[in-house]
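What follows is each chain in one-letter form.
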Amino acid sequence: MVIARLSRPLVLSYLIHGFILLLVYGLTMAQSIQEIDSGELMAVQALPGVAHPTGYPLFTWLGFLVQKLFIFVQPMWVSHGLNVACALLGSLVLQRFVLSWPKLQNPWIAAGAALTFSLSLRYWEQATAVEVHALQMLLLALWMWRLLEAWNHGQKRNWIWLGLITGLVFSNHLISIVLLPGLAYVWFVAHKDWKGRWRSFQSLIGPAVLIPIALYGSMMALASSDPLVNWGDPSEWDRFYRHVSGWQYRVWMFGEEGALGQQMRLFLRGLPIDLGLGLLFGLAGFMVAGKKAIWVGIQAISCMVYASSYQIHDIEPYYLSATVALIIPTAAAWHYLSKLKPSWTWIPLISFVLPALSVQQHWERCDRSDRDFIEVYARSALQSLPENSIVLTRQWDIFLSPCLYLQEVEGLRPDVVVLGKELLRRSWYLEQKVKRYPSLGGDNSPEYKALHEKLLEFESGTPSPEGIQQAYEAWIGGVIQANYKTKPVMLGPELVAEEMSRRVDVPKPPGSLLVPHAFFFVVSADSSYIPLSISEAEPFDLPEGRDNKFAKSLLGLRKNLISNRVGYEDFYKFPEKGDAWQSLNEKYQNMED
């Protein structure tokens, strides 16, 4: 029996479903800048600006508009709130999607299935920290619902709606390409003849193409206005193409032999952790889900294969469409169990007990409410720098990305020039930094001209232009040489420990010394002692009870620098200061133990 859309059980199930997620997501929501791209993405929403490839224009403009609606609220809070709202609404739409599937009309089963997947590890992690994937999950849920409506009922308006959502999905994240095989299958089997297929294609293709053109076009126009954050500067057609196509990531696609299979195995091994007992029901449900379970398999396999070809460390969110597709066989299995006698014993179990188990299993890892060490580190490091410093580092995940928000949105330490060492291998980044900061020598210096020419040559298709490495080192060395005697030039401890020890990328001026400062090394022109208050490098809380690779990386950087400071104080015959720094080092050592 089909349930009326506004029946009392359905409304009640939505309210309980939404309240549970609001409570869980609200209690575990991040309240500070998180790792990787969090700082950058919050900055592009607040300014607005252009995000890293593929640009995410829908994410950017939606966030910017919401920021304007809540103009008196701190931008960071608006971004976090919007992120949670997208994840929560996505879960409610998943419940609606399940109810559109033939025979799966029990609102409590639909709510339980949606809760189980919304409290899975991959989904929940995206709900509590700003990223593009929470909005992507909302759009994916809408897309699957409209796909099912078009499949079940046909009608031109359903295909138009599907086209609209398809356009929005692709305007948010181009991982949406994994949806095309499943869409093609549904489009083909939903009609008995080619005439019907052609009509639905006409209804679908217009909005599916025009919306991305409009939104990506608006991103190109925004880039032309030279915003403060303008990744890739896609204001010209060649750069626009490279940006939207993710050109710079091609080296990580379909890479080394055996990597695809390794990534797939990691994904499959993670599914039991991700979904818990829900995975068993999902696999069993394929036997009772009917012929339309073929679509589930197509979507899951296409996502798994494509995402596994992408060799990056934060790959988990790219598997979300494969994971969420399993909601249908899971709900089908629960529907089958609900027919067993007595049915009232099954529905509470599958609707509330399994989601509760997910909460218990994943809470510690997904709880970001007190995980502020990334922001504390970035803010402390930025504030510790001497006036008018030039900083060179490759700490994107824990310093460079947060600094985009801290400097460009909050206006913290605008006197400091922060340079991403690896980003200096891109012509647009070099252009923007040289244009904005005169201390980098301007675009008339021979070092700049040589490097810029080589970078343009590389970006135009030449695999490895002759002399590009030498030009790269010459420009970096030139900037250091021109500034280190008159202003603080700071180097990340990772550069000192790795690049400079191997004498690659970052040349040290002849006769200069590297002095450990609070968070970076300063290039000193002579052997004069440089005093430093230990209060500027005090330790801060790091996550406990979980394997957090970012905390481990940060801890390694701090221990490296502070150990060097101990040796520095001892060399200059300040044993008491050396002992104080050693005590600080021991505090970090205790954190690791």
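Caption draft 1: Quick peek at the pairing of strand 4 (residues 513-516). For strand 4 and strand 5 (residues 521-524), the ladder comprises four bridges, and the chain directions are antiparallel. Counted as the bridge partner of Val 515 is Val 522 from strand 5. Counting the residues in the hairpin turn of strand 4 and strand 5 gives four residues.

Caption draft 2: Just the packing of helix 1 (residues 8-28) against helix 5 (residues 107-118), in detail. Put simply, helix 1 and helix 5 touch, their axes get as near as 9 Å, and they point 15 degrees apart. Taken together, the axes of helix 1 and helix 5 lie roughly parallel to each other. In this structure, the crossing between helix 1 and helix 5 has a hand that is right-handed. Packed against helix 1, whose contacting residues are Pro 9, Leu 10, Leu 12, Ser 13, Ile 16, His 17, Ile 20, Leu 21 and Tyr 25, the element helix 5 presents Pro 107, Trp 108, Ala 111, Ala 114, Leu 115 and Ser 118 at the interface. Residue composition of the contact of helix 1 with helix 5, by class: 12 nonpolar, three polar and no charged.

Caption draft 3: Focus on the nonpolar core. Among the nonpolar cores identified, the biggest contains 178 residues, and Tyr 25, Phe 97, Trp 143, Trp 295, Phe 399 and Trp 475 are the most heavily contacted of them. It is helix 7 (residues 133-153) that provides the largest number of residues to this core, a total of 14 residues. If you look at the next biggest cluster of nonpolar residues, it comprises eight residues, including Tyr 216, Met 219, Met 220 and Val 244.

Caption draft 4: Main features of helix 5. Helix length check: helix 5 (12 residues) gives 16 Å between terminal C-alpha atoms against 16 Å at 1.5 Å per residue, within 8%. Where burial is concerned, most of helix 5 is hidden: 11 out of the 12 residues are buried. Structurally, the start of helix 5 carries an N-cap: the backbone nitrogen of Trp 108 is 2.9 Å from a side-chain oxygen of Asn 106.

Caption draft 5: The arrangement of the packing of aromatic side chains in detail. A full pass over the atoms with the stated rule returns 19 aromatic pairs. For the pair Trp 237 and Phe 240, a centre-to-centre distance of 5.8 Å together with 85 degrees between the ring planes defines the contact as edge-to-face. On the criterion of helical spacing, the pair formed by Trp 237 and Phe 240 is a turn pair, its members being three residues apart in helix 11 (residues 237-244). Look at Phe 240 and you get buried, because its relative accessible area is 14%. A centroid spacing of 5.2 Å and a plane angle of 80 degrees characterise the contact between Phe 571 and Tyr 572, whose relative ring orientation is edge-to-face. A relative accessible area of 62% means that Phe 571 is categorised as exposed.

Thresholds, definitions, all that
Residues numbered from 1 in each chain as written. Predicted model: local features only at pLDDT ≥ 70, side-chain atom pairs only at ≥ 80, totals over all residues. Heavy atoms only, no water. Pairing = 2+ DSSP bridges. Helix = DSSP H or I, 4+ residues; strand = E, 2+ residues; numbered from the N terminus. Axes fitted to C-alpha atoms, helices over the stretch in contact; angles between N-to-C directions. Parallel < 35°, antiparallel > 145°, perpendicular 65-115°, else oblique. Left-handed = near helix turned anticlockwise from the far one by under 90°. Contact = heavy atoms within 4.5 Å. Nonpolar A, V, L, I, M, F, W, Y, C, P; charged D, E, K, R; others polar. Core = buried A, V, L, I, M, F, W, Y, C linked by side-chain atoms within 4.5 Å. Buried < 20%, exposed > 50% of the residue type's maximum accessible area, 1.4 Å probe, protein only. Expected span 1.5 Å × (residues − 1). Polar contact = N/O pair within 3.5 Å; in protein donor to acceptor, adjacent residues only side chain to side chain. Phe/Tyr/Trp six-rings, centres within 6.5 Å; stacked < 30°, edge-to-face > 60°.

Coordinates in, geometry out; function isn't part of it.
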